[in-house]
Amino acid sequence: MPETSARLLRLLSLLQTPRDWSGAELAERLGVSPRTVRRDVDRLRELGYVVDATPGTAGYRLGAGAGLPPLLLDDEEAVAVAIGLGTAAVSGVTGIQETSVRALAKLEQVLPARLRHRVGDLRSVTVPLAGAAEAVDPAALTAIAAAVRRRESLRFDYRSYDGVGDRRTAEPYRLVNSGRRWYLVAWDTGRADWRTFRVDRLRLHIPNGPRFTPREPPAADLVRYVSERISVDPYRYQGRFTVRAPADVVAARMPPTMAVVEPAGDGSCVLSAGSHSLDELAMWVAQLGVPFEVHEPPELVRHVRALAARLLEATADADPA
């Protein structure tokens, strides 16, 4: 059986090259009879591979099927795929980052040590042109993704927004990507509460901690949860506004890292954002260039009224022409 399995893998590798193979060529390459080749082709078909037969020449070619069967990659191809997935994982291309991390975690789990070293060497000498200050190591993303899948706690050093660092132990639940940054949603065992960590600010310690039993997530909508935790909750003032513009229009100018935007009907939306400055909150919304109403906090309502009065007074004696 091991000999048959090895031969099937070798046959699959040959069929993955973009050409037609005659039965005689395959038999010669594999050192078996054409009859054995036909049997092996039937076994591959039973495993879900589509092997097309060319009429007349008894040629074979690997075709596309309804599902995706396992692929065989040589060393160079495996390294290329790993590097490509790592690049996609930290790119700004919407919708592929999370998928790339999952695929990369699966690939790196089975990469031989010699290939992992080659991938690591290439990453270590590659510097992104844009966003270098917020670059996330793909290896950290795949390590976190693997810990989430295996339900293993993580130990890491974490640097907060003010530069203060400390040691954390957490049960990782999900990775959330904002387009520019990656966030880890995890249960902080030291603080006995859910926390959101920026991945570019943490440094993992190996090995991981013990396995854990998953808890109920902090929210059904983790994207909204992370957006609130990073754009509203950390700040002294949490502003809430009704903006007279569609939610998709406002969200295009106020990304999740800056505000939470929710449709409110009638072509309006509710915007929530935080800041340590009342002036900054007021100007953020005013610069949208559409009508809006301030709901809270009360000090922001009073501040906007005073600001509006000052602006009006500043133009009282000006010639409108």
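Just so you know, these numbers come straight off a predicted model, no measurement behind them.

One open sheet accounts for three strands, arranged β1-β3-β2; its pairing is antiparallel. Bordering the open sheet on either side are β1 (21-22) and β2 (50-54), each of which pairs with just one other strand. Two elements, β1 and strand β3 (residues 59-63), share two bridges in a ladder whose sense is antiparallel. Residue W21 lies in a different strand from β3, and its bridge partner there is Y60.

Turning to helix α8 (residues 222-231), a few remarks are in order. Every α-helix winds through 3.6 residues per turn, so residues three or four apart in the chain are directed the same way. Those residues of α8 that fall on the buried side of the exposure criterion are L222, Y225, V226, S227, I230 and S231. In this structure, the buried side of α8 is in contact with β5 (165-177), β6 (182-188), β7 (193-198), β10 (260-265) and β11 (268-275). At the N-terminal end of α8, a side-chain oxygen is found 3.2 Å from the backbone nitrogen of V223, two or three residues along, and the residue is D221.

Bringing the environment of L281 into the picture now. Mapped onto the elements of the fold, L281 is located in helix α10 (residues 278-286). Classification of L281 as buried rests on a relative accessible area of 0%. When the C-alpha positions of L281 and R240 are compared, they lie 9.7 Å apart, and in sequence the two are 41 residues distant. For L281, the residues in contact, after removing those within four places along its chain, are Y237, G239, F241, A273, G274, S275 and L300.

Turning our attention to the side chain of D157. Mapped onto the elements of the fold, D157 is located in strand β4 (residues 154-159). Within the structure, the side chain of D157 is placed 2.6 Å from the side chain of R203, a separation counted as a polar contact. Here H205 takes part through its side chain, which lies 3.0 Å from a polar atom of the side chain of D157. Setting aside chain neighbours within four positions, we find D157 in contact with D166, R167, R201, L202, R203 and H205.

What counts and how
- Residues numbered from 1 in each chain as written.
- Predicted model: local features only at pLDDT ≥ 70, side-chain atom pairs only at ≥ 80, totals over all residues.
- Heavy atoms only, no water.
- Pairing = 2+ DSSP bridges.
- Helix = DSSP H or I, 4+ residues; strand = E, 2+ residues; numbered from the N terminus.
- Buried < 20%, exposed > 50% of the residue type's maximum accessible area, 1.4 Å probe, protein only.
- Contact = heavy atoms within 4.5 Å.
- Polar contact = N/O pair within 3.5 Å; in protein donor to acceptor, adjacent residues only side chain to side chain.

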